[in-house]
Amino acid sequence: MNDVFARAGLALGAVLAAASLPGAARGADTAPDIAGIYWASRYDAKIQIVGGGDLPLTAAGKAAYDENMAGLKNGSITDTARKFCLPDGLPRVLATPYPFEIVQAPPGQVTIIYEFSHQIRVVTMDRPMPNDKELIPYPFYNGHSVGHFEGDTLVVETAGFNEKTFVDATGALHTDALRTIERIRKVSPIELEDVITVHDPEYYTRDWQARFVYRQRNDVRLEDYTCGNVHRDLSAVAGVHRP
Amino acid sequence: MPRFTSTAAVIGILYAGVALLPALAADGGAIPDFSSNNTGWDGGGENDFTSPKSGPGPVTSDPAEPYISNFTARRTGQAPNWRIADLTNPILKPWVVDALRQANDDARNGKAMFTREARCWPQGVPAMLLNPILLFFVQTPKEVWILQQADHRVRRVYLDQPHTANPKPSWFGESVGHYEGGDTLVVDTIGMNDKTFVDSYRTPHTTQLHVVERFKLIDGGKTLEVDFTVDDPGAFNMPWSASKRWKRVKRTLEEETCAENNATFFKYEVEPMPQADKPDF
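Computed from a predicted model, the values in this text were never measured in an experiment. (Residues numbered from 1 in each chain as written. Chains lettered and ligands numbered in written order. Predicted model: local features only at pLDDT ≥ 70, side-chain atom pairs only at ≥ 80, totals over all residues.)

Undergrad: Just checking my understanding: could you explain the overall build of chain B for this structure?
TA: Helix and strand counts for chain B stand at three helices and nine strands. When its helices and strands are written in sequence order, chain B yields α-β-α-α-β-β-β-β-β-β-β-β. By residue count, 39% of the 281 residues in chain B fall in the buried class. By sequence separation, contacts in chain B at least 24 residues apart represent 56% of the contacts at least 6 residues apart. (Helix = DSSP H or I, 4+ residues; strand = E, 2+ residues; numbered from the N terminus. Buried ≥ 20, exposed ≤ 12 C-beta atoms within 10 Å, placed from the backbone. Contact = placed C-beta atoms within 7 Å.)

Undergrad: Would you explain the environment of Leu 57 of chain A in this entry?
TA: Residues and elements named next belong to chain A. Checked against the element boundaries, Leu 57 lands in the loop between β1 (36–40) and α2 (59–74). Placed 28 residues apart in sequence, Leu 57 and Cys 85 show a C-alpha to C-alpha distance of 27 Å. Excluding residues that lie within four positions of it along the chain, Leu 57 makes contacts with Lys 62, Tyr 65, Tyr 203 and Tyr 204.

Undergrad: Got a minute to help me understand the confidence of the model for chain A in this structure?
TA: One rule of thumb: low pLDDT means the predicted coordinates there are not for detailed reading. With 88% of its residues at a pLDDT of at least 70, chain A reaches an overall mean of 89. Here residues 1–28 of chain A is a poorly scored stretch, pLDDT under 50, and it has 60 contacts once near neighbours within four places are set aside; other chains count. (pLDDT = per-residue confidence, 0-100.)

Undergrad: What is the right way to look at the pairing of strand β7 (residues 179–188) of chain A in this model?
TA: Within a regular beta strand, the side chains point alternately toward one face of the sheet and then the other, so they alternate between its two faces. As defined by bridge partners, strand β6 (residues 153–159) of chain A adjoins β7 of chain A across five bridges and the pair is classed as antiparallel. In the strand pairing of β7 of chain A, Leu 154 of chain A is matched with Ile 184 of chain A. (Pairing = 2+ DSSP bridges.)

Undergrad: Explain the pairing of strand β3 (residues 143–148) of chain B here, please?
TA: Residues and elements named next belong to chain B. The element β3 is largely enclosed, with a buried count of five among its six residues. Pairing analysis gives five bridges linking strand β2 (residues 134–139) to β3, with the strands arranged antiparallel. Bridging from a neighbouring strand, Phe 136 pairs with Leu 147 of β3. The antiparallel hairpin formed by β2 and β3 contains three residues in its connecting segment. Between the antiparallel neighbours β3 and strand β4 (residues 153–159) lie four residues, among them Asp 151 with a positive phi of about 60°.

Undergrad: What am I meant to see in the sheet that holds strand β9 (residues 240–250) of chain B here?
TA: What links the strands of a sheet is backbone hydrogen bonding, and the strands pair in either a parallel or an antiparallel sense. Residues and elements named next belong to chain B. Spatial ordering of the closed barrel is given by β1-β2-β3-β4-β5-β6-β7-β8-β9, a layout of nine strands whose pairing is mixed. Averaged over neighbouring strand pairs, the angle between their axes works out to 30° when direction is ignored. As paired elements, β3 and β4 share six bridges and run antiparallel to each other. Paired with Trp 145 across the strands is Arg 156, a residue of β4. (Axes fitted to C-alpha atoms, helices over the stretch in contact; angles between N-to-C directions.)

Undergrad: Got a minute to help me understand the confidence of the model for chain B in this structure?
TA: Residue and element names in this part refer to chain B. In the predicted model, chain B carries a mean pLDDT of 89, and the fraction of residues at 70 or more is 89%. Mean pLDDT values over the elements of chain B span from 43, in helix α1 (residues 2–16), up to 98, in strand β6 (residues 184–190). Every residue in residues 1–21 scores below 50 in pLDDT, and together they form 47 contacts with partners more than four places removed in sequence or on other chains. Our summary of model confidence lists the complex with pTM equal to 0.88 and ipTM equal to 0.87.

Below, the structure written as structure tokens:
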């Protein structure tokens, strides 16, 4: 075990031990409650960046995007997240027109489950991000996430992505150097906001952000999802065009 | 992921000192903790149910043609084979015997008899319990999620409420549950489609399938045991029971995706994988 990481873990463990009770959301007395079922009311195939305009692509990023779009158009490249329902990766998963659920459990973890492709994100709370030596051998579609609360906001940092996923449904790309920070909070009793900052200096000239807002829908139950089956009605989600 | 795991273990030990206060069930009783402190449940490699000591039990291997799993083969040096079901099991309705006879013949004729799960299809209940790798639980006062690391599959159990009137048939059905006696989670599942098999022998079932599972911590919490009963008057002559055990391990759920690298290099006949010829949106 990496000594620095081990020491950090020990110190943090000691702090966490004092704040941890089983069977209830960790720090339930103090942590803001963001648990619930959420569902977007609009869907954009092309990611909408904060401040408007186009993605700030580097030359390499533009070349990769152009090649990917051409391949998707002529069929030489498959959108595996749709054809085989592989995980979307970030930030694409945030655009999902299907509901998802956030649970602040087990203790020390926030768990996010998306109905679409039954993707699971495990956000380990109040622990340092593993270093590159630990992340690089285990690239995940949805990356490795650590989180903490800042006031009413859940801050989720994610790294350790593979480079198989798209940034959005048009086929914008990222490299495996991608790192993201999400700031997730309730902006009203019935609305959740996730503002994601995307950092990938190989494909983007600057960090950029996208903002997603979801309605709390605790009246909805998440359903099983299997690729190619008929799934729930999405007609209430503006921008969804089923083929 | 060894490094994550070892660090998790260190933190887990530190947690353990204060992790002994039990949470409470809806009726005020204590509930078993299946999920805290980076708890995962390791199925140990074999994907068969354990038969009950007495009474009707699950389909088992034909004694004349015993099943040698890959795991057994590794231990014993025997050649692994495909399962041949014992068709004399009294639970089986005639049409189920016919279906199993066909599966037996396919196996004898050299067809590749991979589980449907191996082709990325959901297993349904109770076959989900057969996944030989890792299960995780997420417990909240209203809901329990049972997460299978393989292909990040999800079951949801709604606590302390009745079934809905006519649940739409689905892969994992509709599960409701409650805690009993401080150490047991009881899960009642109906509303499953008829596209799954109940076991690794390809025993079919109908949409009348009704499964009651009792998940219980034993061995001082080191082992999770499920005893379950399967009832399906469309497929079985009588309810039958079986069990399965997992060992507690210190793990965090990792992403393990099924629908990649599934090329069939040896040209055997396999089922198609789930795929969307048209994207969903």
